[in-house]
Number of protein chains: 4
Amino acid sequence: MTHITVNYKTVVSFYDTDSMGVAWHGHYVRFLEDARCALLDVIGHDYNDMKASGYAWPVVQLHVKYMKPLIFKQKINIKTTLVEFENCIKVTYLITDADTGDKLSKAETMQMAVHVDSGETCMVSPPAFTDKVRVLLKRTCK
Amino acid sequence: MTHITVNYKTVVSFYDTDSMGVAWHGHYVRFLEDARCALLDVIGHDYNDMKASGYAWPVVQLHVKYMKPLIFKQKINIKTTLVEFENCIKVTYLITDADTGDKLSKAETMQMAVHVDSGETCMVSPPAFTDKVRVLLKRTCK
Amino acid sequence: MTHITVNYKTVVSFYDTDSMGVAWHGHYVRFLEDARCALLDVIGHDYNDMKASGYAWPVVQLHVKYMKPLIFKQKINIKTTLVEFENCIKVTYLITDADTGDKLSKAETMQMAVHVDSGETCMVSPPAFTDKVRVLLKRTCK
Amino acid sequence: MTHITVNYKTVVSFYDTDSMGVAWHGHYVRFLEDARCALLDVIGHDYNDMKASGYAWPVVQLHVKYMKPLIFKQKINIKTTLVEFENCIKVTYLITDADTGDKLSKAETMQMAVHVDSGETCMVSPPAFTDKVRVLLKRTCK
């Protein structure tokens, strides 16, 4: 299977820094969400589409490995890859310095579909999402 | 008129600090909201009650004056006063050091009721809120 | 005097929204800071230059007027104008919908120079900053 | 070995919620940090002591498992346990509903000591920290 990968670029803001002079570790979750939303935009099934299709996709697991600190004004690239989609949305992230390519952080998130009306967690991802992924995979494999 | 005043105590967290070593000015909005929610709890009309009564109360104005920096682990007191309620919710805030009484910051917020179904802003606060305030004012004036 | 104006574009993230489905009012402070940093970049005197010149520039006043709610994925433009620089940095902000031009919010911040070593607040802005502004004003007036 | 455990209680604020009506997953990192700081206070070696001893303790790994959503005003208990201290600070967290005891979330963080002057990561935790832990462990084992 070819994976769907999107590169999302952003920059560290002043408000991201803490009193150690580097980006506070909790703010990475914002970076990851923006990158994941960029990935979902490419797939064509964003949070609004999810809601419209009757499903919420809460994050059920988050894992971040911090390798090197991020500093104010540092330009970063987040390489975001969809590694699982049939039973959940699993995304991996590699944060690098946008200029030097230096590896800064790795992360992974897992989301499960929840049927909004019944409140039940789905063990299989709804077609509204998987169909979009399969169309894109077919296109990128050609 | 006697004003309704509530003192809310909190402490500055590590994640509140920025790379200048003091609480980042934007985080004060969280402190103010927690203090305002404590005031609304005393009145007996919190954000859930607002929603249940069919109204949202978005903040329409925010003003903060920063006098002295807040540092990590500093204990602060936020004296929160309801200064208007009949046409809007106007609250003033005085942030002081909880130990020394030193004045650190002043703020003011204004909220207007919006009828959720129609989306219309109300020029007069709904009775679901004002009735609660009047009951409390009567009690505190005795 | 010609004012220095910079337009900063950004987009509302999912994490900016609160349970009312709109951007939480406190998150605007992040938008304003990013816009102000873009303005300082144009002037050529960013937070790092400030620090290197021996001065911190804490925000001493913040005023935000919320006119219309911001929603997830909304593209916004922040027109950022330096309206005072000789005794303080006063910046005004106009947030509009980047597509429709609809006015959404107005804001103003004031920053005062503080001499880092002495801790004293300066009643006159240091030349390291004002020189940069004057050079830019001269250039933009031609 | 007896583990050092501290229970930290807090409550979900309005600004913690996102447009799904539950606490946004990234805000848990704030809850975890407050709980960890309470643990470090019991040990008697807080972030200020760390800095004074010449070491920073950046978070190098974060893992959160989200089991049930947190809602506005929900009272939560965070049972925080120091599970490793000799080569790193590894802390586990169990978030439960403070009223019902319902399990809501689990998490783990790992921090490594970094010598501030040299910038080198320490493979063994500095005595300034481990001595404090051992004193407390001896006391709690009696």
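Basis of the calculations
Residues numbered from 1 in each chain as written. Chains lettered and ligands numbered in written order. Predicted model: local features only at pLDDT ≥ 70, side-chain atom pairs only at ≥ 80, totals over all residues. Heavy atoms only, no water. Helix = DSSP H or I, 4+ residues; strand = E, 2+ residues; numbered from the N terminus. Rg over C-alpha atoms; globule rule 2.2 N^0.38 Å. Contact = heavy atoms within 4.5 Å. Areas by Shrake-Rupley, 256 points an atom, 1.4 Å probe, with all protein chains shown as cover. Buried area = accessible area lost by both parts, 1.4 Å probe. Salt bridge = Lys/Arg side-chain N within 4 Å of Asp/Glu carboxyl O. Polar contact = N/O pair within 3.5 Å; in protein donor to acceptor, adjacent residues only side chain to side chain. Nonpolar A, V, L, I, M, F, W, Y, C, P; charged D, E, K, R; others polar. Least-squares fit on C-alpha atoms with pLDDT ≥ 70 in both. Patch = residues over 30% accessible without salt bridge, like charges linked within 9 Å, V, L, I, M, F, W, Y side chains within 5 Å. Lys, Arg positive; Asp, Glu negative; His and termini not counted. Charge placed at Lys NZ, Arg CZ, Asp CG, Glu CD. Buried < 20%, exposed > 50% of the residue type's maximum accessible area, 1.4 Å probe, protein only. Phe/Tyr/Trp six-rings, centres within 6.5 Å; stacked < 30°, edge-to-face > 60°. pLDDT = per-residue confidence, 0-100. Pairing = 2+ DSSP bridges. Axes fitted to C-alpha atoms, helices over the stretch in contact; angles between N-to-C directions. Disulfide = S-S within 2.5 Å.

### A closer look at the overall build of chain A
Working step 1: Counting its regular elements, chain A contains three helices and seven strands.
Working step 2: Counting from the amino terminus, chain A carries its helices and strands in the arrangement β-α-α-β-β-β-β-β-β-α.
Working step 3: At 16 Å, chain A has a C-alpha radius of gyration in line with the 14 Å of a compact globule built from 142 residues.
Working step 4: The C-alpha extent of chain A, read off along each of the three principal axes, is 45 × 40 × 20 Å.
Working step 5: Restricting the contact set of chain A to residue pairs at least 6 apart, pairs at least 24 apart contribute 65%.
Working step 6: As presented, chain A carries roughly 6,400 Å² of accessible surface, and 53% of it is formed by carbon and sulfur atoms.

### Some words on the interface of chain C and chain D
Working step 1: Contact with chain C, which involves eight residues of that partner, is made by eight residues of chain D.
Working step 2: The largest share of the area that chain C buries against chain D comes from Phe14(C), Ser19(C) and Trp24(C), three residues that together contribute 55% of it.
Working step 3: If you look at where chain C meets chain D, you find zero salt bridges.
Working step 4: Viewed at the interface, chain D and chain C are joined by four residue pairs in polar contact (both at pLDDT 80 or more).
Working step 5: Here the side of chain C that touches chain D is built from residues that sort into four nonpolar, three polar and one charged.

### A few points about the relation of the copies chain C and chain D
In this structure, two copies of a chain are linked by a rotation about an axis accompanied by a shift along it.
Working step 1: When chain C is fitted to chain D, the residual RMSD is 0.0 Å, and the transformation amounts to a turn of 180° plus an axial shift of 0.0 Å. Such a turn and shift between the copies fits a two-fold axis.

### Some points on a positive patch on the surface
Working step 1: On the surface, a cluster of positive charge is made up of Lys65(A), Lys79(A), Lys103(A) and Lys106(A).
Working step 2: Note on Lys79(A): relative accessible area 40%, which makes it partly exposed.

### Describing the relation of the copies chain A and chain D
Working step 1: With an axial shift of 0.0 Å and an RMSD of 0.0 Å, the rotation relating chain A to chain D amounts to 180°.
Working step 2: Comparing contact sets, 100% of the residues at the interface of chain A also lie at the interface in chain D, consistent with an isologous, same-surface contact.

### Points about the packing of aromatic side chains
Working step 1: For the structure shown, the criterion picks out 28 aromatic pairs over all chains.
Working step 2: Aromatic rings pair up to connect Phe14(A), Phe72(A) and Tyr47(C) into one cluster.

### Some thoughts on the side chain of Gln74(D)
Residues and elements named next belong to chain D.
Working step 1: Note that Gln74 resides in the loop between strand E3 (59–66) and strand E4 (75–84).
Working step 2: Within the structure, the side chain of Gln74 is placed 2.9 Å from the side chain of Asp97, a separation counted as a polar contact.
Working step 3: When sequence neighbours within four positions are dropped, the list of residues in contact with Gln74 reads Thr10, Val11, Val12, Pro69, Asp97 and Leu104.

### Things to note about the confidence of the model for chain A
Low-pLDDT stretches of the model should not have their predicted coordinates read in fine detail.
Working step 1: Per-residue confidence for chain A averages 95 on the pLDDT scale, and 97% of its residues sit at or above 70.
Working step 2: This complex was scored by the predictor with a pTM of 0.96 and an ipTM of 0.96.

### A short note on the sheet that holds strand E1 (residues 4–11) of chain D
Backbone-to-backbone hydrogen bonds join strands into a sheet, with any given pair of strands oriented parallel or antiparallel.
Working step 1: In space, the 10 strands of this open sheet follow the order E1(A)-E4(A)-E5(A)-E6(A)-E3(A)-E3(D)-E6(D)-E5(D)-E4(D)-E1(D), with antiparallel pairing throughout. Each end of this open sheet is capped by a strand with a single partner; those strands are strand E1 (4–11) of chain A together with E1 of chain D. Across the sheet, the mean angle from the axis of one strand to that of its neighbour is 15°, orientation sign disregarded.
Working step 2: Looking at chain direction, strand E3 (residues 59–66) of chain A and strand E6 (residues 103–111) of chain A are connected through seven bridges and run antiparallel. The residue bridging Gln61(A) from the neighbouring strand is Met110(A), located in E6(A).

### Points about the pairing of E3(D)
Working step 1: With five bridges joining them, E3(A) and E3(D) adopt antiparallel strand pairing. The partner of His63(A) across the bridge, within E3(D), is His63(D).

### Describing the sheet that holds strand E4 (residues 75–84) of chain B
Working step 1: Taken together, 10 strands build an open sheet; the order of strands is E1(B)-E4(B)-E5(B)-E6(B)-E3(B)-E3(C)-E6(C)-E5(C)-E4(C)-E1(C) and the sheet is antiparallel. Bordering the open sheet on either side are strand E1 (4–11) of chain B together with strand E1 (4–11) of chain C, each of which pairs with just one other strand. Between one strand and the next, the sheet's axes are offset by a mean angle of 15°, whatever the strand orientation.
Working step 2: As judged from the eight bridges shared by E1(C) and strand E4 (residues 75–84) of chain C, these two strands associate in the antiparallel manner. The residue of E4(C) that forms the bridge with Asn7(C) is Lys79(C).

### Examining the interface of chain A and chain D
Working step 1: Across the contact, 19 residues belong to chain A and 19 residues belong to chain D.
Working step 2: In this assembly, chain A packs against chain D so that about 1,800 Å² is buried in total across both faces, 62% of it on carbon and sulfur atoms.
Working step 3: Put simply, chain A and chain D have zero salt bridges between them.
Working step 4: At the level of secondary structure, the elements contributing two or more residues to the side of chain A that touches chain D comprise helix H1 (28–43) and E3 of chain A.
Working step 5: Top contributing element to the side of chain A that touches chain D by residue count: E3(A), with eight residues.
Working step 6: Tallied by class, residues from the side of chain A that touches chain D come to nine nonpolar, five polar and five charged.

### Notes on the side chain of Asp46(A)
Working step 1: If you trace the backbone, Asp46(A) turns up in the loop between H1 and helix H2 (47–52).
Working step 2: Reaching out from Asp46(A), the side chain makes a polar contact with the backbone nitrogen of Asn48(A) at a distance of 2.9 Å.
Working step 3: Only 2.6 Å separates the side chain of Asp46(A) from the side chain of Lys73(C), close enough to count as a polar contact.

### A closer look at the environment of Val133(D)
Residue and element names in this part refer to chain D.
Working step 1: Its place among the elements puts Val133 in helix H3 (residues 127–141).
Working step 2: The buried category is assigned to Val133, whose relative accessible area is 0%.
Working step 3: As for Val133 and Gly54, which are separated by 79 residues in sequence, their C-alpha atoms are 18 Å apart.
Working step 4: Leave out the neighbours within four places in its chain, and Val133 touches Ile4, Ile43, Leu82 and Phe85.

### Quick notes on the state of the cysteines
Residues and elements named next belong to chain D.
Working step 1: Enumeration over the complete set of coordinates arrives at zero disulfides over all chains.
Working step 2: Cys88 carries a free sulfur, and the closest cysteine sulfur to it, the one in Cys122, is 12 Å from it.
Working step 3: Exposure remark for Cys88: the relative accessible area of 4% places this residue in the buried category.
Working step 4: On the basis of relative accessible area, Cys122 is assigned to the buried category, the value being 15%.

### Structural notes on unusual backbone geometry
Working step 1: Backbone geometry places Lys73(B), a non-glycine residue, at a positive phi of 75°.
Working step 2: Examined against the element boundaries, Lys73(B) turns out to sit in the loop between strand E3 (59–66) and E4.

### Section: the pairing of strand E5 (residues 89–97) of chain D
Residues and elements named next belong to chain D.
Working step 1: When you tally the buried positions in E5, you get seven out of nine residues, the bulk of the element.
Working step 2: One ladder, built from eight bridges, connects E4 with E5; its direction is antiparallel. By the bridge assignment for E5, Thr80 is matched with Tyr93.
Working step 3: Linking E4 to E5, which pair antiparallel, is a turn of four residues.
Working step 4: Where E5 meets strand E6 (residues 103–111), eight bridges bridge the pair, whose relative direction is antiparallel. Note that in E6 the partner of Tyr93 across the bridge is Ala107.

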